[in-house]
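# Structural overview
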Amino acid sequence: RGMISRIRDGWRRLRERFWLSLAFDAILILAVFIAIHGWQTRHLPVDETAPETVLAQLDGSGLRSAFGEDGAGIVYFFAPWCFYCKTSIGNLDALVESGRVDWATAVALDYGDAGEVQEFVDGTGISMPVLMGNGRTASDWSVRAFPTYYVIDGDGRISSRSVGYSTRLGMLARHWLANW
């Protein structure tokens, strides 16, 4: 065989190995991600009725339920000092403002005072309702890390849960599954 033919065959084998290697790496990364997510959420309830939660609103206008009026929504637990909370809460707020998520409520936990929570809200620019949670709230919802959020279906049951940063697509997919 000629030299050009050998080079062409070598290049074809290299490309085939590259795509096979890339596919294997992608599957491995996905498996690790799923395993970590499973470990992080192992203590969080799912497929049960969400705890009834009525808390004071940050703006001081009285008490409010953590649940929206109609449809599926998301209850998002955050701490004002949490970097990942600051970077991911805007994803949820944008989904609510665009109408892709029926409702969402942010619940502050592990804060010093209302001023600290207000500073967080002002810094992130969120417009969803913010409730002032406490240690009992964290216990009722099994919140041990931030951010933690739950997708609540239209019947008030926990459809999905997650811990840590989540993209708009991740939140939207979980919300969509709750409505399905």
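First things first, this report covers the structure right here in the doc. (Residues numbered from 1 in each chain as written. Predicted model: local features only at pLDDT ≥ 70, side-chain atom pairs only at ≥ 80, totals over all residues. Heavy atoms only, no water.)

## Some points on the packing of helix α2 (residues 83-97) against helix α5 (residues 168-179)
Each pair of packed helices can be described by the angle between their axes along with the distance between the axes. Look at α2 against α5: their axes get within 9 Å of each other, and the N-to-C directions meet at 50°. Relative to α5, α2 is oriented oblique. Seen along the crossing, α2 lies across α5 with a hand that is right-handed. Here S88, N91, L92, A94 and L95 of α2 come into contact with α5, specifically with R168, M171 and L172. Tallied by class, the residues present in the contact of α2 with α5 amount to five nonpolar, two polar and one charged. (Axes fitted to C-alpha atoms, helices over the stretch in contact; angles between N-to-C directions. Helix = DSSP H or I, 4+ residues; strand = E, 2+ residues; numbered from the N terminus. Parallel < 35°, antiparallel > 145°, perpendicular 65-115°, else oblique. Left-handed = near helix turned anticlockwise from the far one by under 90°. Contact = heavy atoms within 4.5 Å. Nonpolar A, V, L, I, M, F, W, Y, C, P; charged D, E, K, R; others polar.)

## Notes on the sheet that holds strand β1 (residues 54-57)
Across the sheet, seven strands lie side by side as β2-β1-β5-β4-β3-β6-β7; this open sheet has mixed pairing. This sheet does not close on itself; its edge strands, each paired only once, are β2 (63-65) and β7 (158-163). Across the sheet, the axes of successive neighbouring strands diverge by a mean angle of 35°, strand direction being ignored. The sheet contact formed by strand β3 (residues 73-78) and strand β4 (residues 103-108) spans six bridges and is parallel. Bridge assignment links G73 to a residue of β4, and that residue is W103. In the packing of α2 onto the sheet, contacts are made with β3 and β4, and the angle to β3 comes to roughly 160°. (Pairing = 2+ DSSP bridges.)

## Regarding α2
When the terminal C-alpha atoms of α2 are compared, their 22 Å separation across 15 residues agrees well with the 21 Å that a helix rising 1.5 Å per residue should span. In the segment just after α2, G99 is the residue with positive phi, at about 85°. (Expected span 1.5 Å × (residues − 1).)

## Regarding the nonpolar core
Ranked by size, the top nonpolar core spans 43 residues in total, and within it V75, F78, W141 and I152 carry the most contacts. Of all elements in the fold, only β3, α2, β4, α3 (114-124), β5 (130-132), β6 (148-152) and α5 reach the threshold of two or more residues within this core. (Core = buried A, V, L, I, M, F, W, Y, C linked by side-chain atoms within 4.5 Å. Buried < 20%, exposed > 50% of the residue type's maximum accessible area, 1.4 Å probe, protein only.)

## Considerations on the side chain of D93
Note on placement: D93 falls in helix α2. Among the polar contacts made by the side chain of D93, one reaches the main-chain amide nitrogen of M128 at a distance of 3.1 Å. Not counting residues within four places of it along the chain, the set of residues in contact with D93 comprises G125, I126, S127 and M128. (Polar contact = N/O pair within 3.5 Å; in protein donor to acceptor, adjacent residues only side chain to side chain.)

## Examining the pairing of β4
For β4, a buried count of six out of six residues is recorded, marking the element as mostly surrounded by other parts of the structure. Neither face of β4 is left uncovered, since the one carrying W103, T105 and V107 and the one carrying A104, A106 and A108 both have all their residues buried. Between the parallel pair β3 and β4, the chain is carried across by α2, and the sense of this crossover is right-handed. Direction of pairing for β4 relative to β5: parallel, over a ladder of three bridges. Bridge assignment links A108 to a residue of β5, and that residue is M132. (Right-handed = clockwise from strand over helix to strand, strands pointing away.)

## Describing α5
Given a rise of 1.5 Å per residue, twelve residues ought to cover 16 Å, and the 17 Å separating the end C-alpha atoms of α5 matches this to within 8%. Three or more residues of α5 are buried, namely G170, M171, R174, H175 and A178. What you see down the axis of α5 is that its buried residues fit within an arc of 130°, all on one side. Of the exposed residues in α5, the ones pointing more than 90 degrees away from its buried face are L169 and W176. (Arc of directions from axis to C-beta.)

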